[in-house]
Amino acid sequence: MAVEKLEPAPRTWMEKTYDLAGIFVSLVIVVIVTVPWQALRTSSLYLSALAPATFVVYLLMGLLVSPLKKRRVAQNVEKGIVECSLRPGPRSLPSAYTPPGPADKRGWITGCATVRGGTLIFQPVAAFTGSPVGETLILPNIEPLTGGLRTPATGRWYLGQGRRDHTVVYIKTDTGVLEVAGSATALKAVGIYPTEETQRT
């Protein structure tokens, strides 16, 4: 079945820069700002303050980027799309489906997803740019498993996206069981989350 690629809200250039090279850009900013004090650059005081100053600038950049990310996520949720990561279980993907390139070392595939009529539609995206890549995955008859939650999730599962406040949900499909990781709020909004009633059964 041919399905159009999902079209999530595009990431801004500032988000891409922050995720790809935020620390390096912060260091460059510190070096440029301290040009008037070039004579101090060989001093031990300057060198010892360089790392903390770079980290402070990196945190400030994060404060600027955060509202952009929240706005983009909200736009996606309005369209019924959630940014998430998917980790297939043994034989949980249709035999005809080929993931777009290697997953990360823990098996997670970056992407976005929606649910339409009980069918999970997952579109892989490039880790940093967020651009759709590869073939859209269609999984009909999905069912979030009872008690199938791990929160908060630990570690960074995929570059630029992994967050400790994300929830991992176990999903049962016609072909097996897989994991979907993302914001609990967003997963609930698109129906990739066990209901309270399901969790009590």
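Predicted, not measured: the structure shown is a model, and the values here were computed from it.

1. Structural notes on the pattern of salt bridges
One pass over the structure, following the stated rule, counts 5 salt bridges. Between Arg11 and Asp19 there is a salt bridge; the shortest N-O distance is 2.0 Å. The same class applies to Arg11 and to Asp19, which are both buried. Note on Asp19: relative accessible area 18%, which makes it buried. Among the ionic contacts, a cluster of salt bridges with common partners joins Arg11, Asp19 and Lys69.

2. Topic: the packing of aromatic side chains
In this description, a pair of aromatic rings is defined by centroid distance and the angle of the planes. This structure, assessed with the given rule, holds 1 aromatic pair. When the centroid spacing of 4.9 Å and the interplanar angle of 15 degrees are considered together, the rings of Tyr18 and Tyr58 count as stacked. Pair noted here: Tyr18 is in helix 1 (residues 13–33) and Tyr58 is in helix 2 (residues 44–78), with a separation of 40 residues, a long-range link. Residue class for Tyr58 comes out partly exposed when judged on its relative accessible area of 22%.

3. Brief notes about the packing of helix 1 against helix 2
Axes are the key here: two packed helices are described by the angle between their axes and the distance separating the axes. For the pair helix 1 and helix 2, interaxial distance at closest approach is 8 Å and the crossing angle is 150 degrees. In this view, helix 1 runs roughly antiparallel relative to helix 2, as classed from their interaxial angle. Considering how the two elements wind past one another, helix 1 and helix 2 form a crossing that is right-handed. Residues of the contact of helix 1 with helix 2, tallied by class, amount to 17 nonpolar, 4 polar and 4 charged.

4. Quick word on the nonpolar core
Ranked by size, the top nonpolar core spans 21 residues in total, and within it Val82 and Ile192 carry the most contacts. Once you skip the residues sitting within four places of it in the chain, Ile192 turns out to touch Val82, Ala113, Val115, Leu120, Pro144, Val169, Ile171, Val180 and Leu187. Leu6, Ile81, Cys112 and Val125 belong to the second-largest nonpolar core, a separate cluster that totals 6 residues.

Here is what the cut-offs are and how they apply
- Residues numbered from 1 in each chain as written.
- Predicted model: local features only at pLDDT ≥ 70, side-chain atom pairs only at ≥ 80, totals over all residues.
- Heavy atoms only, no water.
- Salt bridge = Lys/Arg side-chain N within 4 Å of Asp/Glu carboxyl O.
- Buried < 20%, exposed > 50% of the residue type's maximum accessible area, 1.4 Å probe, protein only.
- Phe/Tyr/Trp six-rings, centres within 6.5 Å; stacked < 30°, edge-to-face > 60°.
- Helix = DSSP H or I, 4+ residues; strand = E, 2+ residues; numbered from the N terminus.
- Axes fitted to C-alpha atoms, helices over the stretch in contact; angles between N-to-C directions.
- Parallel < 35°, antiparallel > 145°, perpendicular 65-115°, else oblique.
- Left-handed = near helix turned anticlockwise from the far one by under 90°.
- Nonpolar A, V, L, I, M, F, W, Y, C, P; charged D, E, K, R; others polar.
- Core = buried A, V, L, I, M, F, W, Y, C linked by side-chain atoms within 4.5 Å.
- Contact = heavy atoms within 4.5 Å.

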